[in-house]
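Descriptive analysis of the structure
Listed here are the chains, written in short residue letters.
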Amino acid sequence: MLSPGTSVQALHERVRELREEMNAMILAHYYTVPEVQNVADVVGDSLALARAAESTGADVIVFAGVYFMAETAAILNPDKLVLMPDNRAGCPLADSCPVDEFREFKKLHPDALVITYINSSADIKAESDIVCTSSNAERIVSQIPSDRKIIFAPDRNLGTYVMKKLNREMILWEGCCYVHDAYRWEIIRESLEEHPGAKFIAHPECRDEVLVHADFVGSTGALLDYSEKTPASVLIVATEPGILYEMEKRSPDKIFIPAPKDSSSPSSVCTQMKQSTLEKLCECMELRRPRIEVDPALGEAALRPIRRMLEMS
Ligand code: 13P
Ligand code: SF4
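Just so you know, these numbers come straight off a predicted model, no measurement behind them.

Here the focus is the site of ligand 1. What surrounds ligand 1 is the set His 29, Tyr 31, Asp 45, Ser 46, Tyr 117, Asn 119, Ser 134, His 180, His 203, Glu 205, Ser 219 and Thr 220. A distance of 3.2 Å separates an oxygen atom of ligand 1 from a polar atom in the side chain of Asn 119. For ligand 1, an oxygen atom lies 2.9 Å from a polar atom in the side chain of His 203. When ligand 1 is considered free in solution it has 300 Å² of accessible area, and contact with the protein chains removes 97% of it. At a threshold of 2 Å from the grid points, most atoms of ligand 1 map onto the largest cavity.

Residues in close proximity to ligand 2 include Tyr 31, Val 66, Cys 91, Pro 92, Leu 93, Asn 119, Cys 177, Tyr 178, His 180, Glu 205, Cys 270 and Met 273, which together make up its full environment. Counting atoms within 2 Å of the grid points, the majority share of ligand 2 lands in the largest cavity. Contributions of two or more residues to the shell around ligand 2 are made by helix H5 (92-95) and helix H10 (178-181). Residue classes in the shell around ligand 2 are distributed as nine nonpolar, two polar and one charged.

Taken as a whole, this structure holds five aromatic pairs when the rule is applied. Consider the rings of Phe 102 and Trp 173, whose centres lie 5.7 Å apart with planes at 70°: the pair is edge-to-face. With a gap of 71 residues between them, Phe 102 in helix H6 (residues 99-107) and Trp 173 in the loop between strand E8 (171-172) and H10 connect regions that are remote in the sequence. Looking at Phe 102, the relative accessible area reads 0%, which means it is buried. Ring geometry for Phe 105 and Trp 173: centres 5.1 Å apart, planes at 90°, overall edge-to-face. Here Trp 173 lies in the loop between E8 and H10 and Phe 105 lies in helix H6, a separation of 68 residues in the sequence. By the burial criterion, Phe 105 is buried, and Trp 173 matches it. One aromatic cluster is present, formed by Phe 102, Phe 105 and Trp 173 through successive ring pairs.

Thresholds applied
- Chains are numbered independently. Their residues run from 1 in the order of the written sequence.
- Here every chain gets a letter starting at A, and every ligand a number starting at 1, in the order they are written.
- Totals for whole chains, interfaces and linings use all residues, but because this is a predicted model, local features are given only for residues with pLDDT of at least 70 and pairs of side-chain atoms are given and counted only at 80 or more.
- As a rule here, side-chain values come from all non-hydrogen atoms in the structure, and water together with hydrogens is ignored.
- We call a residue near a molecule or strand as soon as one heavy atom of that residue lies within 4 Å of the molecule or strand.
- Counting of polar contacts relies on pairs of N or O atoms within 3.5 Å, with two restrictions inside protein: one atom must be capable of donating a hydrogen and the other of accepting it, and residues adjacent in sequence are counted only when both atoms are side-chain atoms.
- All accessible-area figures derive from a Shrake-Rupley calculation using a 1.4 Å probe, and residue coverage is judged against the displayed protein chains alone.
- Space inside and on the surface of the protein is sampled on a 1 Å grid over the protein atoms alone, with a cavity defined as a set of points where a 1.4 Å probe fits but cannot get out and a pocket as an open set with protein on both sides within 12 Å along at least 5 of 7 lines; lining residues have an atom within 4 Å of a point.
- The rule for placing a molecule in a cavity or pocket is simple: more than half of its atoms must lie within 2 Å of the grid points.
- A run of H or I in DSSP becomes a helix once it reaches four residues, and a run of E becomes a strand once it reaches two; helices and strands are each numbered from the N terminus.
- We call Asp, Glu, Lys and Arg charged. Ala, Val, Leu, Ile, Met, Phe, Trp, Tyr, Cys and Pro are nonpolar, and the rest, Gly among them, are polar.
- Centres within 6.5 Å are what make two rings of Phe, Tyr or Trp a pair, Trp counting through its six-membered ring; a difference in plane orientation under 30 degrees is then read as stacked, over 60 as edge-to-face, and the rest as tilted.
- Buried residues are those whose accessible area, probed at 1.4 Å on protein chains only, stays under 20% of the maximum for their type, while exposed residues exceed 50% and partly exposed ones sit between those limits.

All quantities given are derived from atomic positions and should not be read as evidence of function.
Written as structure tokens, this is what we have:
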């Protein structure tokens, strides 16, 4: 058991020893804390992490992120041990789409194809035809014949963004991410006025009123690539500020400013992503729990739309 106050270095060493002993792979999302990102084998966006989970030869997957991400890794690997530092770290966007209500919603549009964002439970995935992430949503929807009705769930902002980009209607579930939905253009505009020449980049979970003003819109991975390639030296970033750690690492000469929010809005930090602390990461590997397990029949049903996504993107 860990003694309180164990140093970051000692925790990293212990995690590396355990990784060796267990033949484990550690996956971490860009929104997790830097100490966890620093010890991960792969740090990425939802799609990169799902791909890493799909192709790993490791016996154990340790997933530092939110529940639906580790659950997706478990669905892709029914025979592997999947651990999560804190299995109470859910995604409120995923939770905004309960399966009973979603089944009723689907009944209203029986002829629609169902595309769901990966930020959803295994139950919702099992009710879907294709899964998507923020980095491939546009590409996946663009492959569906234009006369086909589409239900898109649960993020209405990502759905609206894709509808506008492709100039096609979809039936949207009214969910949103509290972190991204709280940005307002009038506040961000003030920040841009204070930093003339800065580029403004945003995640597609932000509202349309924000996205229409962005110089670039993309998943966390795409925002990161853009931040490296742009000649601009100052960037205002509208997504969870955990991503700034990797942006600053890759472009140490640039200035990254988290897009501001109104003081009355909730914080821009995703508190769920921060539950994967280094201490809990180490402890879950020591104890081999909490394990993420998915009922085999449900896992099989949820795997089909995930596989379709991987084939289509
Ligand atoms: P990415 O697809 O960019 O990883 O987004 C995941 C997420 O939870 C964004 O809030
Ligand atoms: Fe869910 Fe939003 Fe946190 Fe992403 S940032 S995990 S969508 S609550």
